[in-house]
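# Topology and contacts: notes
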Amino acid sequence: MIKHILIGIAALLALSAGVYTFQNAQYDFQTLQGDKVRWQSLEGQWVVVNYFAEWCAPCLKEIPELNEFAKYADKQDMVAFFAASYDLLSEEALFKLQQKYAMEFPLIKTQNPVMPNERPKSLPATFIISPQGKVVKQLLGEQTNLKLQDIVMRLQNI
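Below, the structure is looked at part by part.

### Description of the overall build of the protein
Across its full length, the protein holds five helices and seven strands. Along the protein, from the amino end to the carboxyl end, the secondary structure elements read α-β-β-β-α-α-β-α-β-β-β-α. Put simply, the protein has 158 residues, and 40% of those count as buried. Nonlocal contacts in the protein, meaning residues at least 24 apart in sequence, comprise 64% of its contacts between residues at least 6 apart. Here the protein displays about 9500 Å² of accessible surface, and carbon together with sulfur accounts for 57% of that area.

Structure representation (structure tokens):
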């Protein structure tokens, strides 16, 4: 009888460990910094996602503005900011790109991220995603810190 109880407890512990491991392995995208992000964990926040490429001159020109917007977003409880390379780059190439252009914001790894938006057809492209996880605005072309702040603030007040 005790043997059956111990086997049952061991099976229950193994099952619990498996469920825990499975749940922790699930994420929609991972940042270059190692954060595993689920869109569900961002509910209640406005999310800004910028797509860029090294061959895109306006993308490179807007990096200082995006760095400033990232600082703003970090100070806000209701705003998150990520950037994604348009090109399919290795983690090493993405890291080198981040260092080369002094990108001070989280970069999404390009290995099959689950995104609420479609891949943009032109660059730079910035998507504003509501606290409910829906794309509410797509901005094409170079953006500024103040313009992004203004758009997010106006959307928050709707």
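### Overview of the sheet that holds strand 4 (residues 79-85)
Read across the open sheet, the five strands follow the order 5-4-3-6-7; overall the sheet is mixed. Each edge of the sheet is formed by a strand with only one pairing partner; in this case those strands are strand 5 (107-108) and strand 7 (135-140). Pairing between strand 3 (residues 46-52) and strand 6 (residues 125-129): five bridges, direction antiparallel. In the sheet register, Val47 faces strand 6, and the bridge partner there is Ile129.

### Structural notes on the side chain of Thr31
Its location among the elements puts Thr31 in the loop between strand 1 (29-30) and strand 2 (36-37). Setting aside anything within four residues of it in sequence, one finds Thr31 in contact with Val37, Phe82, Pro106, Leu107, Ile108 and Lys109.

### What to know about the packing of helix 3 (residues 63-75) against helix 5 (residues 145-156)
Relative to each other, helix 3 and helix 5 sit at 40 degrees, their axes nearing to 8 Å. The orientation of helix 3 relative to helix 5 falls into the category oblique. In this structure, helix 3 uses Glu65, Leu66, Glu68, Phe69 and Tyr72 to contact helix 5, whose residues at the interface are Asn145, Leu146, Leu148, Gln149, Val152 and Met153. For the contact of helix 3 with helix 5, the per-class residue count stands at seven nonpolar, two polar and two charged.

Conventions and cut-offs
- Residues numbered from 1 in each chain as written.
- Predicted model: local features only at pLDDT ≥ 70, side-chain atom pairs only at ≥ 80, totals over all residues.
- Heavy atoms only, no water.
- Helix = DSSP H or I, 4+ residues; strand = E, 2+ residues; numbered from the N terminus.
- Buried < 20%, exposed > 50% of the residue type's maximum accessible area, 1.4 Å probe, protein only.
- Contact = heavy atoms within 4.5 Å.
- Areas by Shrake-Rupley, 256 points an atom, 1.4 Å probe, with all protein chains shown as cover.
- Pairing = 2+ DSSP bridges.
- Axes fitted to C-alpha atoms, helices over the stretch in contact; angles between N-to-C directions.
- Parallel < 35°, antiparallel > 145°, perpendicular 65-115°, else oblique.
- Nonpolar A, V, L, I, M, F, W, Y, C, P; charged D, E, K, R; others polar.

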